[in-house]
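Below are the chains, spelled out letter by letter.
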Amino acid sequence: MRWHKRLLVAGVAGVLVLTATACAGGQVRGAGGTPQPETSGGSPAGQPGGQANDNTFVYAPNSDVVTDWDPATSYSNEIVALSNIYEGLTRYDSLTKKATPRLATEWTSSADGKEWTFTLRQGVKFHTGDPMDAEAAKKAIERTIEKKGGAAYIWDPVDEIEAVDASTLKFTLKYAAPLDLVTSSGYAAWIYDVDAVDADGKTTAGTGPYTIDSWRKGEETELTLKAYEDYWGGWKPEQYKKVAFRVTPEITTAWQLLQSGEVNFVRRLNPQLFAQAGTTRGVQGSQAQSFQNLLVLFNTADGPAKDIKVRQALQAAIDYDGLAAALEGSGVKASGLVPQGLLGHVEGMEPKQDLDRARQLLAAAGYGPDLKELELDLTYAVGDDDQKLLVTLLSSTLKQLNVTLLAKPMNWGAQWDLGKKQGQDIFVMYWYPDYPDAYSWFLNVFKSADKPQFNLSYLKNTGIDAAIDKLPELTATDRTAAEQEYRKLQEKIIQEEAAVAVPYVQRYQRALSVDVQGYQDNPAYPSVVFFYDLTRAS
Amino acid sequence: MLRHLARRLGQALLVVAGVVVLTFAVMRLVPGDPAVAFAGPKATPEQLAEARARFGLDDPLPVQLLNYARDLVTGDWGTSLRTRQPVRDDLYLAFPASLELVGAALLIAIAAGVPLGVLAARHKTRLPDLGVRLGSMLAVSVPVFWLALALQTVFAGGLGWFPIAGEYDSSLDTTSPLTLWTNITVVDALITGNWPIFTSALWHLVLPALVVAAYPAGVIAQMTRAALIEEAGQDHARLERALGFGETSILTRFALRPALNPVLSLIALVFAYAIVNGFLVEAVFNWPGLGRYAAESIRSLDTPAIAGVTLLVALVYVLANLVVDLLQGFVDPRTRSR
Amino acid sequence: MIEVRGLQVRYGGRLVADVPELDVAAGECVAIVGESGSGKSTTLLSLLGLTEHAEVSGRVRVCGVDVLTASPRRLREIRGARAALVMQSPQAALAPATRLGVLMRRALRLHGRTDVDRVMARALEAVLLDPEILRRYPHEVSGGQAQRFAVALAIALGAEVILADEPTSALDVTVQAEVVGVLHRLRAERDLALLLVSHDLALVSTIADRVLVMKDGAVVESGPAAEVLARPSHPYTRELLEALP
Amino acid sequence: MTTDAQPLRRLLPRVPDRFAAFGAVLLAVVVLTALLAPWLAPYPLDEPRPLERLLPPSGAHWLGTDQVGRDVLTRILYGGRTSLFIAVAVLGVSAVTGVTLGVVAGYAGGWVRDVIMRVTDVFLAFPALLLSLALAIVLQPGVNTVILVIAVTWWPWYTRLAASVAASIATRPYVDAARCLGVPAPLIVVRHVLPNSLTPVLVQLSLDAGGVILTSAALSYLGLGAQEPTAEWGLMVQQGQTLFTTNWWVVTFPGLAILVTAFAFNVLGEGLRNALDPRRAVR
Amino acid sequence: MTSTGALLRAERVTLGYGRRPVVHDVSLDIAEGGVGLIGESGSGKTTLARAFLGLLSPMSGTIRYGDRPLHKADMKAFRRDVQPVFQAEALDPRMRVGRSVAEALPRAARSRVGELLEQVGLDPALADRRPHQLSGGQRQRVVIARALAVGPRLLILDEPTSALDVTVQARILDLLASLETERLLITHNLAVVRRLCRTSHVLFAGRVVESGPTSELLSNPAHPYTRALRDAVPRLGGDPPEPKGATEAVPAATGCAFRLRCPLAAPVCERPPEPRDLAGRRVACHRAEDVLSS
């Protein structure tokens, strides 16, 4: 049996070679490199499928959480963590459609909307221990602007920032803008200690209720947060003092983890699972409409859709109700371009399918069952089930009208590239604002541009452009007038120009452990859970 | 033997060079701009230009290839567009987890496949043989992604026998933190004597490893069986019979070793195959390995990361082949003199 | 030592060997001669119960054991230990990944032999092999050495009967003589019963006491070697003899 | 004894093995149902009925309906056509390419062989699914892409196999005899080397078909293969994946279809291999 | 050797695969009356045959076809003149034997297949069979028929009968003896050489150790290896052979390759022996005189 031994030796040697290259050299996993002494309520050692720590809240995101720790440039998934570590001057309330106090306790703007003065909260300390004052806030915002990364553009209107005194921050704008909305953005609006920014995720520089406990890129439990004891809001015993993010790509897996009590929050379920959540013990559902809606952009510049009759026919051909039904609550019929909860949302603009009208319009344009066949290129996001549903339904409807839909699922890079070259007749994409202001849809998507970026309907209408330019000032100074203007613009773009169809607004169907209290969805901060607001029922 | 080794090493290097070129070609063929993927969905033209410059996308292609090759050699595998970390660091984190999963799976596959193959060969054309053949056929025919879902739903979610997902119970990090040496959880837990994490990790390994093991176990069982039957039909088996050895003894003591040779050459292949199968399994089990990394990279069109994974797996495959080649000499002395 | 009466071997109903009578006594060498397909090898293998998938009938006694009715265990006991086989293809008959010494040692242990090292050394000496050969693998030895090693295996195990199936046909002429010579000498020295199967009439004639000539499964002629060769009664035997150079 | 002793039996075994026969029957059923899909299918292929979505199996829908209300049975039947078409196309393309190169390499030897085999090695160093994935990202997802990318990873196996067989055939006396008769090399390859190299390739083809079907399903599952509204099994599993715990039929039946088809091919292939050349390395 | 006009001749030919030579420095003519090449496995005899057939280029030395080196010769004529007869396995297993025979024939001459088969003693109806449907002897006849199809002047016969039963062997030898071509016969079987070849060359370890008239060579060998070969052939009713134990020593790497097996080996044998003419033959042995006289 000598060869067995040799085989063993060779095998061990092989393993050693492999592991030598991967040798990490004795770091301790957990707690950001420092072993943590036992905390209260740890689960019994070794018990398979152990429960989450009693006072740990486990969030199940569907992909990696943090790619960028810099609060200035962060522009991605990490919003779910950063929103609990950092705070802005304001936070948006989607019920009142208004900004509410956060680091700023109150604010005023001049009549022309070009001068904004914020009064800062007293006694707030950064995680570093340094006090948060006007000077620090000014530095943070200036650094963010300077970095030019992520959503820094939201500060474009700002001309000058002045720390009048420790608690007064004054902004002078180049043009009128709703700065209270800008400051409540989930991206690029955080106030942080500029000297303590750490891109490696070891320390944090915010004022928020949580700080990093450990961050292990690529691990299943990627990130854990712990309470910042000196948080200005104070702590109560029933609050969650620890938070863990457990990356769970598959919805089914997440659902089973929630059922077994291993996670407390699943950010998105499908309608079937959501329906089950209502009847499953230990689980509660929560659904909330988002600020993200689907845009079906028609090519107004070229191809068959250049004919407005074709565009209107397409608008009429979409089975909005069927789609909404098939989405089973994961999307709701949209009314206009602006989702509910934002200034500018208009009631009563829900589209309806009208096949007769579609047929007439097509016939007028020279197409139809007894006329010429129409072929249309459509591009949409690969892997998005909801978009696929739209495409499936639309293509079978259009077939009856002798219209062939050549639908190409593409990844964003390719789809966008093609779009910038006007390579399709219909461009399907989601749109959402970076800060809670409907302006984004109009400025980015429908204002004329020589080189289209997101103006993928290629709309060119000087009247519309002029109206769009007036929006920020109106929002900052006269909300009623702004609402009027928004309504007019949407009528122009959707009804007169027929540049776009808006089938639905996404709705998040989430589920939480039943013992979590105080959860409220805020569409201005997609998928963010403000853990500080939660308590655990005993 | 030494010359053989040198020759094989040379060949392996050549293959690696080819792999690099091919990977580069695939990377550059990706439609759409990697810069777009890096700069994000709402990038401004300036941000795009900056990203282009950063990745050297404005150089002519041959220069890019040379730069790419040079960077690889110096250990710079590029920066992931998605995680914004050096790809090498990402792989360094993800690979040990995959190794753990695939290693466990291969152990299961060998531990099950070889004895089953022997059993089938011993009772050729009888019931055990039929059972093993059918079973191994099913194992190689089942779509892993489907098997993963089914096993998880039934045995973890439904019956609760096994953990649903994850590498180990991460709440143990606080109660009994693990010192990392190899980054492979079970191994580290074992060598540092961290029993809570060790048992938890083993427990978590069962389902995913079984899923990944299905294909290799089936293939190994089939191969062992076929090779053993072939070997048992050789003249030498007749001599051993004539010497009074029993059938089982002939199979295990004389036939198995030469029969293992084709099985062994299979293992390198199966190893690489199992890593790739992880792509379809890891997401289901929240396994923080290469597969999940690759799947997310693909979803976000993260070309440097995809290239990195491709390259790593190809390297592992080439290396595994080398190791197997050398091992074969030990298993079957005939190959040594070649 | 070998006593065969009315042996018939069939494959799927087809009669491939029909041997009414075959006896080999201790110290005697009997040869079965015939061309390919004559059933001579099948006959030999059936004596040890080594014909797979064949229906064998008749009465076969080897070393006092009724081969056709014996239990598999009883059969395994006589195989090797009392009746040994030497096969045609020299290296292929040895397990490729087993050193010759390991094979011999295992075989000796299997049959409960003690004093293994001394027995091995003596057996090798008897067939004129250097003990160094025990460290080699089959592919490292020549054909003649492999055949002599097979004989040594039989000697070491103390076999009383050696069944040799074309032991020289795969070897060069100069080596053939060597192997046949070894067999011949051992038979004399150890009073072995030797059953030799061959297509080479001339080779057989040098050592066999009696000869059976087989054609198409049937024994066409048998008798003392000298007699058969001098006065062949069957035309086929004559043809064989005429074909010789 | 050479392996050419009874070539005809080797090429076309009557019933080499009941196992193989079982595989053949199973496969015949799969192929027939796929071919006859338009007649067997109870509903039109592409007719979503959002109001009848996710109905459990019943008399009207034997295998239930999917998330847009299409009959699962219908889509599985049509999906068989997609899968089989992909398998046949992939194997056809890669076998023709691979065998041609392999036979040339094996017969020519020397530097020709070296060049071909090194290129082959490079392709072989990528596990099939991985290279397919990388390529599938490059190209537009769809059935044709699936065929192309899998074929790209598959041909080298045939090259390697054919090269080793051809190299051994090239040393056979009958090839030498033909050369001595002055038969030109290309003719020797076509007349002697190629036909005699085909048996192991045929065995490998039947073994590989299952692998191709699994790979294409995996590609579709990862979203890089066939696209809606094509009926394809892997795609169906992927689409229904999130419904596994709530609407099991949407996922289970397409998965079973993949399993059964791959199983049929594997059983047939393994049976053939056992009957024809048991030791030829599988992969 | 002085014979002129030999169809093929080897001049100091060294042959090998890769860089390893297996045949060293061999010179021989294919003279009339049949030439035998005798040797056991590994002696390089088949390699030499392949070189004569133009299937292998010499590492050094030349094969001459008529008056030109083979590589410069008219290959068409050469292929017509020189044909191989390999062992019975030399038929494509997938091809009907008629087609195998016809392979060399121009399309118009396909009808000659039957004629050729008859010439080698086969029923023309067998042309439609495949090789495995024929017996070994029949296959060998087909191989011969194919070689004869182009009307060769020289047949190179590589162990044409060794896979056949003795009774069949005899008939094939009759057939070969009746053919009117010249022949180079490669075999380990002395009886076959005796029958078919007037001249013979004995190969050991890739070198010709003795050449001369076959009858002389076998009746009174001058090289100990030739003698060992002759003596090893069992004779009907002969004495049982006596095992000596040294017959399988590998060829010596230096000096006389045979010396490790040679009963007459002496210190002088550590020098390589030069071929010399002795008693009507050419022999490479230091002790040839002693061999002849013993």
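> Help me understand the overall build of chain A, please; the structure alone is not making it clear to me.
A count of helices and strands for chain A gives 14 helices and 21 strands. Expressed as a percentage of its 538 residues, the buried residues of chain A come to 58%. In the structure as shown, chain A presents an accessible area of about 20200 Å², 48% of it carried by carbon and sulfur atoms.

> Would you take a moment to explain the interface of chain D and chain B for this structure?
The extent of an interface is frequently quoted as the accessible surface area lost upon association of the parts. On the chain B side, the residues contacting the 49 residues of chain D number 52 residues. Between the two partners, chain D and chain B, sit 2 salt bridges. Across the pair B:Arg225 and D:Glu270 runs a salt bridge whose closest N-O atoms are separated by 3.9 Å. For the interface between chain D and chain B, the tally reads 4 residue pairs in polar contact (both at pLDDT 80 or more). Every element with two or more residues in the side of chain D that touches chain B is listed here: α2 (18-35), α5 (110-125), α6 (128-138), α9 (185-221) and α11 (248-276) of chain D. Among the elements that make up the side of chain D that touches chain B, the one with the highest residue count is α11(D) (14 residues). Class assignment of the residues belonging to the side of chain D that touches chain B gives a composition of 34 nonpolar, 7 polar and 8 charged.

> Which parts of the structure should I look at to understand the sheet that holds strand β5 (residues 104-109) of chain A?
Remark on secondary structure: sheet strands pair via backbone hydrogen bonds, oriented parallel or antiparallel. Residue and element names in this part refer to chain A. Ordered by their spatial adjacency, 4 strands build an open sheet running β5-β6-β8-β7, and the pairing between neighbours is antiparallel. A single partner strand is all that each edge strand has here, and the edge strands are β5 and β7 (158-165). Between one strand axis and the next, the sheet turns by 20 degrees as a mean value, whatever way the strands run. In this structure, β5 lies alongside strand β6 (residues 115-120), joined through 5 bridges in antiparallel fashion.

> Is there a simple way to think about the sheet that holds strand β7 (residues 154-158) of chain E in this case?
Residue and element names in this part refer to chain E. Here 8 strands make up an open sheet; going across it, the order is β6-β7-β8-β3-β9-β10-β12-β11 and the pairing mixed. Here the strands that pair on one side only, and so sit at the sheet edges, are β6 (82-85) and β11 (276-278). Geometrically, the sheet is characterised by an average inter-axis angle of 20 degrees between neighbouring strands, direction not taken into account. As defined by bridge partners, strand β9 (residues 199-204) adjoins strand β10 (residues 207-213) across 6 bridges and the pair is classed as antiparallel. Directly across from Val 202, in β10, lies its bridge partner Glu 210.

> In this structure, what is going on with the arrangement of the chains? I would like to understand it.
By contact count, the dominant pairing among the 7 pairs of chains in contact is that of chains A and B. The two units chain A and chain E never meet; even their closest C-alpha atoms stay 30 Å apart.

> I keep staring at the packing of helix α1 (residues 2-29) of chain B against helix α4 (residues 61-73) of chain B and nothing clicks. Help me out?
Two measures define how a pair of helices packs: the angle their axes make with one another and the distance between the axes. Residue and element names in this part refer to chain B. Between α1 and α4, the shortest axis-to-axis distance is 10 Å and the interhelical angle comes to 125 degrees. Our classification of the angle between α1 and α4 gives oblique. For the element pair α1 and α4, the recorded crossing hand is right-handed. Contacts between α1 and α4 pair Val 20, Val 21, Thr 23, Phe 24, Met 27 and Arg 28 from the former with Leu 61, Gln 64, Leu 65, Tyr 68 and Leu 72 from the latter. Partitioning the contact of α1 with α4 into residue classes produces 8 nonpolar, 2 polar and 1 charged.

What counts as what
- Residues numbered from 1 in each chain as written.
- Chains lettered and ligands numbered in written order.
- Predicted model: local features only at pLDDT ≥ 70, side-chain atom pairs only at ≥ 80, totals over all residues.
- Heavy atoms only, no water.
- Helix = DSSP H or I, 4+ residues; strand = E, 2+ residues; numbered from the N terminus.
- Buried < 20%, exposed > 50% of the residue type's maximum accessible area, 1.4 Å probe, protein only.
- Areas by Shrake-Rupley, 256 points an atom, 1.4 Å probe, with all protein chains shown as cover.
- Contact = heavy atoms within 4.5 Å.
- Salt bridge = Lys/Arg side-chain N within 4 Å of Asp/Glu carboxyl O.
- Polar contact = N/O pair within 3.5 Å; in protein donor to acceptor, adjacent residues only side chain to side chain.
- Nonpolar A, V, L, I, M, F, W, Y, C, P; charged D, E, K, R; others polar.
- Pairing = 2+ DSSP bridges.
- Axes fitted to C-alpha atoms, helices over the stretch in contact; angles between N-to-C directions.
- Parallel < 35°, antiparallel > 145°, perpendicular 65-115°, else oblique.
- Left-handed = near helix turned anticlockwise from the far one by under 90°.

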